[in-house]
Amino acid sequence: MTAAPTATPAERAAMRRALELAVTRLGRTSPNPVVGCVLLDADGATVAEGFHLGAGRPHAEVEALAAAGDRARGTTAVVTLEPCAHRGRTGPCADALLAAGVSRVVYAVPDPVPGHAGGAERLRAAGVEVVGGVLREEAERANELWLTATRLGRPCVTWKFGGTLDGRSAAPDGTSRWITGPEARADAHRLRATHDAVLVGSGTLREDDPHLGLRHGVSGQPPLRIVLDRTGSIRPGARVLDDAAPTLVVVGEPAARPRLPHGHEVLALPETGGRLDLAALTAALYERGLRSVLLEGGARLAAEFASRGMLDRVVAYVAPVLLGGEGRAVLDGFGAGTLSEALRLQLDEVARLGDDVRLVLRSRPLAGGPEPEVTS
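The following refers to the structure shown. Here the structure is a predicted model, which means the values were calculated and not measured.

**Considerations on the pairing of strand S8 (residues 197–201)**
The side chains of a regular strand alternate, first on one face of the sheet and then on the other. Burial of S8 is extensive: five of the five residues sit out of reach of the surface. A two-sided burial pattern is seen for S8, the buried positions comprising Ala 197, Leu 199 and Gly 201 on one face and Val 198 and Val 200 on the other. Bridge count between S8 and strand S9 (residues 224–228): five bridges; the pairing is parallel. Across the sheet, the residue bridging to Gly 201 is Leu 228, located in S9. Following the backbone out of S8, through helix H8 (residues 202–208) and into the adjacent parallel S9, one traces a crossover that is right-handed.

As structure tokens, then:
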């Protein structure tokens, strides 16, 4: 019996390169995933590369095929997501690979979207050798925001906070600038740029008058700014209402709609127990094509997301500072009565940024988890 094919060292190296290409588009492709593709010749040398630029634009495979031209025939396509078999605003990538004469396809993650999957089977049925699951864990992590949103049917919610070693976000008098150092603040803006939207509550809006744009030398497409303002009391001169990026002000259905400058929008949602319905919020954002939301404030809003099991990831910037029990807690309103009720997070990454430490955690395992290569 002939052994099933596995990925070669050159193909695994190409997959890592494809992942590097994919993540350059984080925050710019929704509602589509970030995808990278590398074409290799028979000797394992790179023929062409491509990545998906955004919704309505050619997919990564098509970009790589266009760059290769006639040289695509007989190549191996290494792609971070299973080639789609779906015709939407663009044609099926599986068909494009077949038409170009690609002889082998190596992919990392099966497409989880109903009606889009099946590209691997279509290729296999046409005589193309297919290897799936290659570097799947790394690919799941690179595309975690989109994959989580697709599987849950709502945006992936990441809570970002900066705090002291004892879990305080501000001193008792409200001062908080600057708990963390410049390296952590710059990194937080890079994190912001990878998300479709950044979200704060009315308390943060009143106390901090945040801007929620991109600073510290971070460029790219600014995320949609979302403010939960149940009573519609936002000030006309609030910094989030400038022209740096669009802003969505979410109010309760009974509230009067605030008048906003051109380019900004009001969304009215139902209330539950005197608070905005977070399930209705995330459903509305998903319907708008948003697949990732960065929750930046405040402490009670984060607690509400945590209480509802709607925190998917946490990025914590921890400073070597102690404020003691009178300081403002980073989380306010989420309380476990016993240790077994605590929300336990899985540590994924630890990095030092100047004097501070960045922790990246998630509330559940990677959606697909680490798996052995699937060959066929």
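Picking up where we left off.
**What to know about the sheet that holds S9**
Here we have nine strands laid out as an open sheet, ordered S11-S10-S9-S8-S14-S6-S15-S18-S17, and mixed in their pairing. Each of the sheet's edge strands pairs with one partner strand only, and the pair in question is strand S11 (265–269) and strand S17 (346–353). Neighbour-to-neighbour, the strand axes of this sheet turn through a mean angle of 20°, independent of strand direction. Relative to strand S6 (residues 156–164), helix H6 (residues 144–152) is tilted by about 130°, and along the sheet it contacts S6, strand S14 (292–297), strand S15 (313–319) and strand S18 (356–362).

**Structural notes on the packing of helix H2 (residues 60–68) against helix H3 (residues 93–100)**
Viewed as axis vectors pointing N to C, H2 and H3 meet at an angle of 20°, and their least axial separation amounts to 9 Å. Looking at the two axes, H2 sits roughly parallel to H3. The chirality of how H2 crosses H3 is left-handed. Across the interface between the two elements, Glu 61, Val 62 and Leu 65 of H2 pack against Cys 93, Ala 96, Leu 97 and Ala 100 of H3. Class assignment for the residues of the contact of H2 with H3 results in six nonpolar, no polar and one charged.

Conventions and cut-offs
- Residues numbered from 1 in each chain as written.
- Predicted model: local features only at pLDDT ≥ 70, side-chain atom pairs only at ≥ 80, totals over all residues.
- Heavy atoms only, no water.
- Buried < 20%, exposed > 50% of the residue type's maximum accessible area, 1.4 Å probe, protein only.
- Helix = DSSP H or I, 4+ residues; strand = E, 2+ residues; numbered from the N terminus.
- Pairing = 2+ DSSP bridges.
- Right-handed = clockwise from strand over helix to strand, strands pointing away.
- Axes fitted to C-alpha atoms, helices over the stretch in contact; angles between N-to-C directions.
- Contact = heavy atoms within 4.5 Å.
- Parallel < 35°, antiparallel > 145°, perpendicular 65-115°, else oblique.
- Left-handed = near helix turned anticlockwise from the far one by under 90°.
- Nonpolar A, V, L, I, M, F, W, Y, C, P; charged D, E, K, R; others polar.

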